[in-house]
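Remarks on the overall topology
For reference, the chains in residue letters:
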Amino acid sequence: QVQLVESGGGLVQAGNSLRLSCAASGRTFSNYGMGWFRQAPGKEREFVACINWRGISTYYADSVKGRFTISRDNAKNTVYLQMNSLKPEDTAVYYCAASLEAGKPSIYDYWGQGTQVTVSS
């Protein structure tokens, strides 16, 4: 089992930044690829970004490319999502997830509870 706890969400004005953190505990964090997803009210959950176990390969949704950066610190069992130039359409609950798949995973095995990000215009 892997337990994931997100933090860092909040209310910000458009154009500002937030950094989300996801702390992992349980099984060896460095064995897992990590991803960030989000779900806005009335919408399906969507992929935001992911990073492989070594932190070398990253993938982003087109909607956040160039604005968001995913990173990880395996010594701290933590994955981050730096969000810059935030837009009102980035408002959502953000979830981190862990996967044993390599590359860009299609299946995630563990999920956090989510953290709310609200961007005001």
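So, a few notes on the structure that sits alongside this text. (Residues numbered from 1 in each chain as written. Predicted model: local features only at pLDDT ≥ 70, side-chain atom pairs only at ≥ 80, totals over all residues. Heavy atoms only, no water.)

Moving on, we get to the state of the cysteines. Taken as a whole and assessed by the stated rule, the structure comprises one disulfide. The partner cysteine of Cys-22 in its disulfide is Cys-96, sulfur to sulfur 1.9 Å. Between Cys-22 and Cys-96, the disulfide has an S-S torsion of 45° and is therefore right-handed. Here Cys-22 is found in strand E3 (residues 18-26), whereas its partner Cys-96 is found in strand E9 (residues 92-99), with 74 residues between them in sequence. Accessibility classification places Cys-22 together with Cys-96 in one group, the buried group. Summary of cysteine pairing: Cys-50 is not part of a disulfide, and the nearest cysteine sulfur, belonging to Cys-96, is at 13 Å. Assessed through its relative accessible area of 1%, Cys-50 is described here as buried. (Disulfide = S-S within 2.5 Å. Helix = DSSP H or I, 4+ residues; strand = E, 2+ residues; numbered from the N terminus. Buried < 20%, exposed > 50% of the residue type's maximum accessible area, 1.4 Å probe, protein only.)

What follows deals with the nonpolar core. Grouped together as the largest cluster of nonpolar side chains are 36 residues, with contacts concentrated most on Leu-4, Met-34, Trp-36, Leu-81, Met-83 and Tyr-94. Looking at this core, the elements with two or more residues in it are strand E1 (2-7), E3, strand E4 (33-39), strand E5 (46-51), strand E7 (68-73), strand E8 (78-83), E9 and strand E11 (115-120). The contact partners of Met-83, leaving out residues within four places of it in the chain, are Asn-16, Ser-17, Leu-18, Leu-20, Arg-67, Phe-68, Tyr-94 and Val-117. (Core = buried A, V, L, I, M, F, W, Y, C linked by side-chain atoms within 4.5 Å. Contact = heavy atoms within 4.5 Å.)

This paragraph deals with the pairing of E8. Burial of E8 is extensive: five of the six residues sit out of reach of the surface. In this sheet, E8 lies alongside E3 in antiparallel orientation, the contact comprising six bridges. When the bridges of E8 are listed, Cys-22 appears paired with Val-79. When E7 meets E8, the two strands line up antiparallel, connected through six bridges. Opposite Ile-70, over in E8, you have Leu-81 as the bridge partner. Hairpin remark: E7 followed by E8, antiparallel, with four residues in the connecting loop; positive phi at Asn-77, about 55°. (Pairing = 2+ DSSP bridges.)

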